[in-house]
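Below are the chains, spelled out letter by letter.
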Amino acid sequence: MTLTDAVDFNRAVLARAYVRVVGVNREISWMLAEIFLPMLSVTAYIFLYRALGAPKMYEGLVVLGAAMIPFWLVVLWSMAMQFYWEKEMGNLDIYMASPTNPIALLLGMAIGGLVMGGLRSFAVLLVGLGVFRVELSVTSWPALVVAFVLTLSALFTMGMAAASVYFVTGRKGIKINIALMEPIYMLSGMFFPMKNMGRILGAVASIVPLSIGLDAIRQVTLPGMANLEFLPFKVELAILMVMTVVFGVLALKLMARMERKGKTEGTLTEKWL
Amino acid sequence: MTADDTPIAEKPAVPRDNLARREIIGGLRNAMWVGWQMESNWTKTWIYFLYAATRPLALCLIIFFIFKFAGNRPGAQTQFLSTYVGNAFFTIFIAVASGISWVVIQDREHYRIIRYIYATPMPFWIYIVGRATVVLAISLVSLAIILTFGNLALGLGAPFSRIDWAVLIPSTVLGIVSAASLGLMFAGVCLVTARHSILMAEGAGAVFLLTCGVIYPLEVLPGWAAAIGKVLPMTYWIELVRRSFGGYNFTPTLADLSTKGTLLGLSVLTVAFALLAFRWFKFAEDRAKKTGQLDMTTNY
Amino acid sequence: MPPAILTKNLRREFQKKGKTKHVALDGVDIEVEPGEIFGFLGPNGAGKTTLIKILCTLLYPSGGEAYVDGLDVVKDTREVRRRIAIVSGGEQSGYGIMTVFENIWMFSQFYGIPSKIAKDRIWHYLKAFGLEKDAHTKVSKLSTGMRQKMNIIRGFVTDPKIFFLDEPTLGLDVHIAREVRDTIRNWTTDHPDKTVFLTTHYMAEAEALCDRIAIIDGGKIVECDTPANIREKVGGGAVYHLKLEPVPPDLSFLDAIPAVRNPVLADANEATGQCEVRFNLDSDDQLSHVLQAAETRGFRVAGFAKAEPALEDLFMTIVGRKLRDEE
């Protein structure tokens, strides 16, 4: 990639992100839809633990899980599925006929989505700490930042790989994405420690970066996680790093391959597939 | 004047009532067919039903793992049954409520046919009900899968032979009507807001999850939240569903109510909910027409 | 300088599982010179959009070759994309919640145009299209015509060497369609090195705009030339419109007059009992034979007009003749 290519890439990322950020600010009702209301279901699981007479630390598990889920939703809705929406709207033709790299578009969407996801995550933490008085105690801020950044990179590269599927499919892809929502909530251990699923299911769940990432983040923020961790913190970081590279390479390869396949089969811009 | 001399305008070909009924039935049938095609014609039927069961099944597994993690105390098995059943039936509630509002977003923003649907003589609400019926049918199949899976794999302990159908069926019918009413309210919101309002339906479902004692007794909630739960039909539906599965005394404050009394309360609340939903939907529809939002596209 | 567009024996087939093969393009050869406005005409389903998709790198051909500005559309995808813009008629692209200006700006950034330059160009074209005051209007509030103007500005702003317009005036009213055509023409006048490749099924549009026209039917090019030459080739001569009553069952009464070509029975009206018969004649001298033949068969000539053949008539003649040949 030349310097000019890098500048153009950057321009495309910022332009697509701008649209998303400005767009959500134009429709303030999204705050209610995406921040306030989803927080209520998190609250419900905290009350479930209370009904079960569980230790206070378990509420912290829920809050952290809920604070990370918005980033999964960004990947699912704002990246993986976005090409589907763009295709249906007639934008994908124009995107693909432009010289920009589709990865730049996806990154732009993701960055825009991060603003939304980040706000929702922040709101969950605020309610968790302020209203439910959960106790979080960060043992190492650098470790937390590294775990968070690696989780996001692994998630985003996975989202890019998933997005390429829409060059060759339509509803089939979106249905699979939708079908993955709650199963990922379950597999990621959003409301309980991943270890609780057992080794086999835990290993299956490890394919999702959110599961390993969340477990790592819990280890450095929740006192009492010592016996509940799925894998040692450093191993989890290493897995996330490998995932980022693997999904990144996969995304690049899939993006090119699916574009070729879409152009051969004529599905690249075909609506209502 | 003979019969043949009667001016054409005075001689309706079909009695008015019959025509209306035929229109309603035809409209419902067509909407159901469209709904089924939109939902499922991307794959084989059996794969579709597996797909449809995946999400609710995952939600039930979350409950299972939470109990495995933190439910190690006496009486936990009965509590698990009540929570699992409550959660399983809640998936119908969410499917119907969000499915109805999804119709507006899907037809407006995606297929862009909402203006043509509105331009037909069939009232839009009939179309919505037809589409919702498909969602309901699918979620009922999912429910059967979830309960069977719970019994076979998770040790739920709720065999179908022990279900009190006389309580389950009427309460579920009323529960579905209240879910559809809620869906109609969300559909109204979707008519006058942007695409993301679809998330509102799922998000607002959380209000019901939180306040209706779906997965825990109302007593766990702060007083004001429990008070909200007590005026929502969902609370009584889930309570009756639990009783039909043998899960009595889950919520102590409702335990004193007789089953008949609870059914009556659910009926009254459902009717009130339905009336409110219709009023609100008509209001939103009028507003969308006034402001030109009926067929807008709002992606960003 | 390489041709702006060159295709050699270009083929594209579509086949879905369990369905018969559909040939959308069947050996298409075209060559468009830089600076030309080239019209691509054909009925619905003739293969126009398929060709544009291939040339715009959105679809692979099944066979043959296609070059844009000398670059292979299959191998040099990115470079081709730097040189082109595409705007389709009736498209709903863009984000309803964003303003006109924001939408155009966003797309310009995908072409690597520095923001300042892009913004200047956007204002320039917004003024040229009379959309200046709507620059900050949300796209969802625009009429169809305004939205299409925005789309065309989106294409202009990226300063393409070759501008692909796929039925650009589809669904527009006469006034807006004319405005769009004028702007395209002005753009090519101001930038004589730019090429426009226009697909349409509006004959008048092709005639008003294009230097050359190719007519496609059933995936094959059936004619390619200037509008004037096509007229000449197809048999030229004026088109005669004869109003007859009653409506003849067929046009066999014209068979005996060899000078009459391409007779068509049109606008038969059962209520008035009248119809119009259109045909080509090389000269007015032959007309008396036609009138005589009609009167001999008992038809009254209720009206008569003569016109230069419109491209629409030529199109009907070409496509009609081809279909008959196939039979």
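What counts and what doesn't
Residues numbered from 1 in each chain as written. Chains lettered and ligands numbered in written order. Predicted model: local features only at pLDDT ≥ 70, side-chain atom pairs only at ≥ 80, totals over all residues. Heavy atoms only, no water. Helix = DSSP H or I, 4+ residues; strand = E, 2+ residues; numbered from the N terminus. Buried < 20%, exposed > 50% of the residue type's maximum accessible area, 1.4 Å probe, protein only. Areas by Shrake-Rupley, 256 points an atom, 1.4 Å probe, with all protein chains shown as cover. Salt bridge = Lys/Arg side-chain N within 4 Å of Asp/Glu carboxyl O. Domains from an automatic or database assignment. Axes fitted to C-alpha atoms, helices over the stretch in contact; angles between N-to-C directions. Parallel < 35°, antiparallel > 145°, perpendicular 65-115°, else oblique. Left-handed = near helix turned anticlockwise from the far one by under 90°. Contact = heavy atoms within 4.5 Å. Nonpolar A, V, L, I, M, F, W, Y, C, P; charged D, E, K, R; others polar. Expected span 1.5 Å × (residues − 1). Bend = angle between axes of the 7 residues up to and from the residue. Polar contact = N/O pair within 3.5 Å; in protein donor to acceptor, adjacent residues only side chain to side chain. Buried area = accessible area lost by both parts, 1.4 Å probe. Pairing = 2+ DSSP bridges. Lys, Arg positive; Asp, Glu negative; His and termini not counted. Patch = residues over 30% accessible without salt bridge, like charges linked within 9 Å, V, L, I, M, F, W, Y side chains within 5 Å. Core = buried A, V, L, I, M, F, W, Y, C linked by side-chain atoms within 4.5 Å. pLDDT = per-residue confidence, 0-100. Phe/Tyr/Trp six-rings, centres within 6.5 Å; stacked < 30°, edge-to-face > 60°. Lys NZ or Arg CZ within 6 Å of the ring centre and 35° of its normal. Arc of directions from axis to C-beta.

## Topic: the overall build of chain B
Part 1: A tally of helices and strands in chain B yields 11 helices and 0 strands.
Part 2: Scanning chain B from its N terminus toward the C terminus, one meets helices and strands in the order α-α-α-α-α-α-α-α-α-α-α.
Part 3: Looking at chain B as a whole, 56% of its 300 residues are labelled buried.
Part 4: Accessible surface, chain B: about 13100 Å² in total, of which carbon and sulfur atoms supply 67%.

## Quick notes on the pattern of salt bridges
Part 1: On inspection of all chains with the given rule, the structure shows 28 salt bridges over all chains.
Part 2: For Asp69 of chain C, the salt bridge identified is with Lys161 of chain C, shortest N-O distance 2.9 Å. With a gap of 92 residues between them, Asp69 of chain C in the loop between strand S4 (63-68) and strand S5 (71-72) and Lys161 of chain C in the loop between helix H5 (144-157) and strand S7 (162-166) connect regions that are remote in the sequence.
Part 3: A relative accessible area of 14% means that Asp69 of chain C is categorised as buried.
Part 4: One connected set of salt bridges, linked through shared partners, spans Asp5 and Asp8 of chain A together with Asp69, Glu79, Arg82, Arg83 and Lys161 of chain C.

## Quick word on the domain arrangement of chain C
Interface size is often expressed as the accessible area that is lost when the parts come together.
Part 1: Split by domain assignment, chain C resolves into domain 1 (5-228) and domain 2 (237-308).
Part 2: Each of domain 1 of chain C and domain 2 of chain C has a C-alpha centre, and the two are 41 Å apart.

## Re the packing of helix H3 (residues 57-80) of chain A against helix H11 (residues 209-221) of chain A
Residues and elements named next belong to chain A.
Part 1: At their nearest, the axes of H3 and H11 sit 10 Å apart, and the two run at 140° to each other. Between H3 and H11, the interaxial angle falls into the category oblique. Considering how the two elements wind past one another, H3 and H11 form a crossing that is right-handed. Judged by residue contacts, Leu61, Leu64, Gly65, Met68, Ile69 and Trp72 of H3 engage Leu210, Leu214, Ile217, Arg218 and Thr221 from H11.
Part 2: Here the residues of the contact of H3 with H11 are counted per class, giving 8 nonpolar, 2 polar and 1 charged.

## Some points on helix H6 (residues 102-130) of chain A
Residues and elements named next belong to chain A.
Part 1: Taking 1.5 Å of rise per residue, the 29 residues of H6 would be expected to cover 42 Å, and the 41 Å separating its terminal C-alpha atoms lies within 8% of that figure.
Part 2: Along H6, the helix axis deviates most sharply at Leu114, where the bend reaches about 25°.
Part 3: You can read the cap of H6 off the contacts: a side-chain oxygen lies 2.9 Å from the backbone nitrogen of Ile103, and it is on Asn101.

## What to know about the interface of chain B and chain A
Part 1: At the junction of the two partners, chain B supplies 48 residues and chain A supplies 50 residues.
Part 2: Buried surface at the junction of chain B and chain A, both sides included, amounts to about 4800 Å², of which 71% is carbon and sulfur.
Part 3: Taken together, chain B and chain A are joined by 1 salt bridge.
Part 4: Of all the secondary structure elements, the ones that give two or more residues to the side of chain B that touches chain A are helix H1 (16-40), helix H2 (45-70), helix H3 (76-110) and helix H7 (197-211) of chain B.
Part 5: A total of 14 residues in the side of chain B that touches chain A trace back to one element, the largest contributor, which is H2 of chain B.

## Some thoughts on the pairing of strand S13 (residues 274-281) of chain C
Residues and elements named next belong to chain C.
Part 1: The element S13 is largely enclosed, with a buried count of 6 among its 8 residues.
Part 2: Direction of pairing for strand S11 (residues 238-245) relative to S13: antiparallel, over a ladder of 7 bridges. Each bridged residue has a counterpart across the sheet, and for Ala238 the counterpart in S13 is Leu281.
Part 3: The sheet contact formed by strand S12 (residues 261-269) and S13 spans 5 bridges and is antiparallel. The residue bridging Asn269 from the neighbouring strand is Gln274, located in S13.
Part 4: The hairpin formed by S12 and S13 contains 4 residues between the paired strands, and Gly273 there has a positive phi angle of roughly 75°.

## Some remarks on the side chain of Asp166 of chain C
Residue and element names in this part refer to chain C.
Part 1: With respect to the helices and strands, Asp166 occurs in strand S7.
Part 2: Buried charge without a salt bridge: Asp166, with Lys48 as the nearest opposite-charge side chain at an N-O distance of 6.7 Å.
Part 3: Of the polar contacts made by the side chain of Asp166, one reaches the side chain of Thr49; its length is 3.1 Å.
Part 4: A polar side-chain atom of Asp166 sits 2.6 Å from a polar atom in the side chain of Thr199.
Part 5: Beyond its immediate sequence surroundings of up to four residues, Asp166 is in contact with Thr49, Ile52, Val87, Ser88, Gly89 and Thr199.

## A look at a nonpolar patch on the surface
Part 1: Taken together, the side chains of Phe160, Trp165, Ile169, Val173 and Val177 of chain B make up a nonpolar region of the molecular surface, amounting to roughly 450 Å² of accessible area.
Part 2: Turning to its location among the elements, Ile169 of chain B is positioned in helix H6 (residues 165-191).

## Observations concerning the environment of Met68 of chain A
Residues and elements named next belong to chain A.
Part 1: Tracing the chain through its elements places Met68 in helix H3.
Part 2: Residue Met68 is classed as buried on the basis of its relative accessible area of 5%.
Part 3: Along the sequence, Met68 and Val21 sit 47 residues apart, while their C-alpha atoms lie 20 Å from each other.
Part 4: Not counting residues within four places of it along the chain, the set of residues in contact with Met68 comprises Phe148, Thr151, Leu210, Leu214 and Ile217.

## What to know about the sheet that holds S4 of chain C
In sheet architecture, strand pairing relies on hydrogen bonds along the backbone and comes in two forms, parallel and antiparallel.
Residue and element names in this part refer to chain C.
Part 1: Pairing is antiparallel in the open sheet, where 4 strands are placed in the order S2-S1-S4-S5. Looking at the sheet topology across the chains shown, the edges are occupied by strand S2 (22-32) and S5.
Part 2: Relative to S4, strand S1 (residues 5-14) is paired through 5 bridges, and the arrangement is antiparallel. Looking at the pairing, Ile5 lines up with Val68 of S4.

## A few points about the nonpolar core
Part 1: Tyr45 and Trp72 of chain A, Phe89 of chain B together with Phe164 and Phe197 of chain C are the most contacted members of the largest nonpolar core, which has 274 residues in total.
Part 2: Looking at which element gives the most residues to this core, the answer is H3 of chain A, with 17 residues.
Part 3: Setting aside residues up to four positions removed in sequence, Phe164 of chain C forms contacts with Ile5, Ile52, Leu55, Cys56, Val68, Ile84, Ala85, Ile86, Val87 and Phe197 of chain C.

## Comments concerning the sheet that holds S11 of chain C
Residues and elements named next belong to chain C.
Part 1: Spatially, S12-S13-S11-S14 is the arrangement adopted by the 4 strands of the open sheet, whose pairing is antiparallel. Single-partner strands in this sheet number two, and they are S12 and strand S14 (300-307). Shown here is a sheet whose adjacent strand axes are inclined to one another by a mean of 20°, direction ignored.
Part 2: Looking at chain direction, S11 and S14 are connected through 7 bridges and run antiparallel.

## With respect to the confidence of the model for chain C
Part 1: With 93% of its residues at a pLDDT of 70 or more, chain C has an overall mean of 85.
Part 2: Taken as a whole, residues 322-327 of chain C scores under 50 in pLDDT and shows 3 contacts with residues more than four places along the chain or in a different chain.

## Examining the packing of aromatic side chains
Part 1: In the structure shown here, the tally under the stated rule is 39 aromatic pairs over all chains.
Part 2: Relative to Phe197 of chain C, the ring of Phe40 of chain C has its centre 5.5 Å away and its plane inclined at 35°; by these criteria the two rings are tilted. Here Phe40 of chain C, found in strand S3 (residues 37-41), pairs with Phe197 of chain C, found in strand S8 (residues 195-200); they are 157 residues apart in sequence, far enough to count as distant.
Part 3: By relative accessible area, which is 0% here, Phe40 of chain C ends up buried.
Part 4: Chaining the aromatic ring pairs together yields one cluster made of Phe192 of chain A together with Phe64, Phe65, Phe67, Phe80 and Tyr84 of chain B.
Part 5: The ring of Phe14 of chain C carries the charged tip of Arg12 of chain C above its face, separated from the ring centre by 4.4 Å.

## Looking at helix H4 (residues 115-128) of chain C
All names here are of chain C.
Part 1: Over its 14 residues, H4 extends 20 Å from the first C-alpha to the last, a length consistent with the 20 Å expected when each residue adds 1.5 Å.
Part 2: Of all the positions in H4, only Ala118, Ile122, Tyr125 and Leu126 are classed as buried. For H4, the buried positions fall inside an angular range of 105° around the axis, keeping them on one side. Turned more than 90 degrees off the buried face of H4, the exposed positions are Lys116, Lys127 and Ala128.
Part 3: One or two positions beyond H4, positive phi appears at Gly130, with a value near 70°.

## Topic: the packing of H11 of chain A against helix H12 (residues 233-265) of chain A
All names here are of chain A.
Part 1: Put simply, H11 and H12 touch, their axes get as near as 9 Å, and they point 150° apart. In terms of axis orientation, H11 runs roughly antiparallel to H12. Viewed along their axes, H11 and H12 form a crossing whose handedness is left-handed. Every residue of H12 that contacts H11 at Pro209, Ile212, Gly213, Asp215, Ala216, Gln219 and Val220 is listed here: Phe233, Glu236, Ile239, Leu240, Met243 and Phe247.

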